[in-house]
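The chain contents come next:
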Amino acid sequence: MKSEKKRSFIPFLAVLLIVAVLGVVGYMLATRLFVLDNIEVEGNEVYSEDQIKEILLSDENSWSTLYLFFSYNYGGKKEIPFIDTMEMSFVDPHTIHVKVYEKGILGYLYIQSVGQYAYFDKDGFVTEISGSEIKGVPEVDGIDVGSVVVYEKLSIDDDSMLSDLLLLAGLLKKYGISVKKISFDGHEMTLYIKKIQVKLGTGDELTEKIRRLQKILPKIKKKKGVLHMENWTPQTTDIIFGPN
């Protein structure tokens with residue numbers, strides 16, 4: 001009986017030994033081979049490359065490419081403002097590639113009552129509410145907004161005003177026009193670009209106005225004054241630039 005128990009115990013020890021050896025080899029590979037030297041980042045606009053790296057390397061074990069890959073892809077992903085998701089992949093044992101998918105932000109509304117910024121996408125849905133102001137995103141004022149809730153549409157009584165705002169924001173992005181502020185006075189819209197005010201008037205002929213604005217701006221970008229486009233129509237094509 002004792003010899004039978006001894007014989008059955010030997011394979012068990014062998015299995016334990018193999019597991020221990022594999023564990024040591026795995027540990028050596030993880031600590032010697034899979035050491036993080038570089039993170040490649042693409043798709044980021046709101047956050048800089050250094051900020052993305054800082055977010056990912058916040059864990060004390062993130063020096064390991066294996067740990068970073070498995071902990072991010074298969075662990076609990078933390079919510080990061082303005083980022084929808086990030087995809088992480090191996091380039092080599094020392095390099096991780098990160099593809100950043102940011103939430104589609106078109107503009108922001110400063111909510112005075114709560115002292116925060118409400119960022120919204122091309123469809124008017126609030127994607128983020130934050131105390132941080134993003135450079136390069138135009139402020140919007142002159143619109144009365146009701147309750148602001150993340151993932152819900154901006155609450156504006158006048159649907160046509162919201163439509164004009166979203167169309168305008170999309171056109172500015174399409175034509176690469178950087179604006180500090182979009183101001184509404186009723187349905188009349190004004191753009192603030194450095195020292196220039198652009199009076200657009202209502203949403204009539206808005207696409208053509210912005211297309212023409214793109215061609216005019218390089219000629220007046222170093223000047224100060226008001227560009228009057230509010231009366232522009234295909235029949236009345238005068239555009240006047242003058243002092244405030």
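How each quantity is defined
Residues numbered from 1 in each chain as written. Predicted model: local features only at pLDDT ≥ 70, side-chain atom pairs only at ≥ 80, totals over all residues. Heavy atoms only, no water. Helix = DSSP H or I, 4+ residues; strand = E, 2+ residues; numbered from the N terminus. Salt bridge = Lys/Arg side-chain N within 4 Å of Asp/Glu carboxyl O. Buried < 20%, exposed > 50% of the residue type's maximum accessible area, 1.4 Å probe, protein only. Patch = residues over 30% accessible without salt bridge, like charges linked within 9 Å, V, L, I, M, F, W, Y side chains within 5 Å. Areas by Shrake-Rupley, 256 points an atom, 1.4 Å probe, with all protein chains shown as cover. Lys, Arg positive; Asp, Glu negative; His and termini not counted. Charge placed at Lys NZ, Arg CZ, Asp CG, Glu CD. Pairing = 2+ DSSP bridges. Axes fitted to C-alpha atoms, helices over the stretch in contact; angles between N-to-C directions. Contact = heavy atoms within 4.5 Å. Phe/Tyr/Trp six-rings, centres within 6.5 Å; stacked < 30°, edge-to-face > 60°. Lys NZ or Arg CZ within 6 Å of the ring centre and 35° of its normal. Core = buried A, V, L, I, M, F, W, Y, C linked by side-chain atoms within 4.5 Å.

**Q** Give a detailed account of unusual backbone geometry, specifying residues and quantitative values.
**A** Even without being a glycine, Lys194 presents a positive backbone phi close to 55 degrees. On the secondary structure map, Lys194 appears in the loop between strand E9 (188-193) and strand E10 (196-201). The backbone of Glu205 shows a phi angle near 55 degrees, a positive value even though the residue is not glycine. Position of Glu205 among the secondary structure elements: in the loop between E10 and helix H5 (206-220).

**Q** Outline the pattern of salt bridges, supporting the account with residue identities and numerical values.
**A** According to the stated counting rule, one finds six salt bridges in the structure shown. Among the ionic pairs, Lys103 bridges to Glu128, the shortest N-O distance being 3.0 Å. With Lys103 in the loop between strand E3 (95-102) and strand E4 (107-111) and Glu128 in strand E6 (residues 126-130), this pair connects stretches of sequence that are 25 residues apart. For the pair Lys103 and Glu128, a shared accessibility class is recorded, and that class is buried. Residue Lys181 is joined to Asp141 by a salt bridge in which the shortest nitrogen-to-oxygen separation is 3.5 Å. With a gap of 40 residues between them, Lys181 in strand E8 (residues 181-185) and Asp141 in strand E7 (residues 139-141) connect regions that are remote in the sequence. For Asp141, a relative accessible area of 24% corresponds to the partly exposed category. Through salt bridges with shared partners, one network takes in Glu208, Arg211 and Arg212.

**Q** I'd like a rundown of a negative patch on the surface, residues and numbers included.
**A** Together, Asp37, Glu40, Glu42 and Asp92 make up a region of like negative charge exposed at the surface. Structurally, the position occupied by Asp37 is in the loop between helix H1 (2-33) and strand E1 (38-42). For Asp37, a relative accessible area of 59% corresponds to the exposed category.

**Q** Account for the sheet that holds E1, with residues named and values stated.
**A** The strand order across the open sheet formed by three strands is E1-E3-E2, and the pairing between neighbours is mixed. Each edge of the open sheet is held by one strand with a lone partner, namely E1 and strand E2 (83-92). Sheet twist, expressed as the mean angle between neighbouring strand axes with direction ignored, is 20 degrees. Taken together, the five bridges between E1 and E3 define a ladder with parallel strand orientation. Across the sheet, the residue bridging to Ile39 is Ile96, located in E3. Across the sheet, helix H2 (residues 49-56) lies against E1, E2 and E3, angled at about 125 degrees from E1, the strand it touches most. This element, helix H3 (residues 65-74), spans E1, E2 and E3 of the sheet and lies at about 150 degrees to E2.

**Q** Break down the packing of aromatic side chains for me, with residues and values.
**A** For the structure shown, the criterion picks out four aromatic pairs. Centre to centre, the rings of Phe82 and Tyr119 are 5.0 Å apart; their planes meet at 75 degrees, and the pair counts as edge-to-face. Of the two residues, Phe82 is situated in the loop between H3 and E2 and Tyr119 in strand E5 (residues 116-120); the sequence distance between them amounts to 37 residues. Each member of the pair, Phe82 as well as Tyr119, carries the same accessibility label: buried. Positioned above the aromatic ring of Tyr192 is the side chain of Lys181, whose terminal nitrogen or guanidinium carbon lies 4.8 Å from the ring centre.

**Q** Give me the lowdown on the nonpolar core, citing residues and values where you can.
**A** Residues Leu191 and Ile210 are the most contacted members of the largest nonpolar core, which totals 34 residues. Among the secondary structure elements, those contributing two or more residues to this core are helix H4 (159-174), E8, E9, E10 and H5. In terms of residue count, H4 provides more of this core than any other element does, eight residues in total. Discounting chain neighbours no more than four positions away, the residues touching Ile210 are Leu168, Leu171, Leu172, Tyr175, Ile177, Leu191 and Leu200. In this structure, Ile39, Val41, Met88 and Ile134 belong to the second largest nonpolar core, which totals 24 residues.

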